[in-house]
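Architecture and fold: a report
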Amino acid sequence: MEGDAHQGEVLLSVSAFTGLFASKKKVKNELDKFAENEDEYLVQFGKQFPTLKKVLIDDRNQLMSGRIADAEARYVNVVAVIGDGHVEGISSILASRQLNVIRLKQLLSGDFPRKGAEVKAGNVEVSFQYTYR
């Protein structure tokens, strides 16, 4: 067990060090791998770094879900912008609520419901119309 923890620490250190020098292409390839199968990517991350997954993903999902629920109690409409790795977890925690989830890849491709939204071609600029009461 202790050897596994040490191996995980070494792997994390090597990953962090090489991450400093990763090319833009390598980072994009990793993001593409994540987008292809998010669930499997997070499962593998959890196997390699269980404590990090708990702290960086699971605990943060709980915290952010609570804050979204608090905002929902105060306001009619809530827009939450969260990291892609948190979407499934937070959606699961808030499953009893009516959620409209728009993923980054949908924004980038322009493939999302456009009611009250405008996307300018060639950009990632998106504007939403809303009514504040």
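Below: a short report on this structure. From a predicted model like this one, the values you see are computed outputs, not experimental measurements. (Residues numbered from 1 in each chain as written. Predicted model: local features only at pLDDT ≥ 70, side-chain atom pairs only at ≥ 80, totals over all residues. Heavy atoms only, no water.)

1. A short note on the packing of aromatic side chains
Taken as a whole and assessed by the stated rule, the structure comprises 1 aromatic pair. Aromatic side chains Phe45 and Phe49 sit 5.5 Å apart centroid to centroid with 55 degrees between the ring planes, which places their arrangement in the tilted category. On the basis of relative accessibility, which here comes to 22%, the residue Phe45 falls in the partly exposed class. The class of Phe49 is buried, set by a relative accessible area of 10%. (Phe/Tyr/Trp six-rings, centres within 6.5 Å; stacked < 30°, edge-to-face > 60°. Buried < 20%, exposed > 50% of the residue type's maximum accessible area, 1.4 Å probe, protein only.)

2. Thoughts on the packing of helix α2 (residues 24-36) against helix α3 (residues 38-48)
It is at 5 Å that the axes of α2 and α3 come closest, and there the two elements cross at 110 degrees. The pairing of α2 with α3 is recorded here as roughly perpendicular in orientation. Along the contact surface, α2 presents Glu30, Lys33, Phe34, Ala35 and Glu36, while α3 presents Glu38, Tyr41 and Leu42. Grouping the amino acids of the contact of α2 with α3 by side-chain chemistry returns 4 nonpolar, no polar and 4 charged. (Axes fitted to C-alpha atoms, helices over the stretch in contact; angles between N-to-C directions. Helix = DSSP H or I, 4+ residues; strand = E, 2+ residues; numbered from the N terminus. Parallel < 35°, antiparallel > 145°, perpendicular 65-115°, else oblique. Contact = heavy atoms within 4.5 Å. Nonpolar A, V, L, I, M, F, W, Y, C, P; charged D, E, K, R; others polar.)

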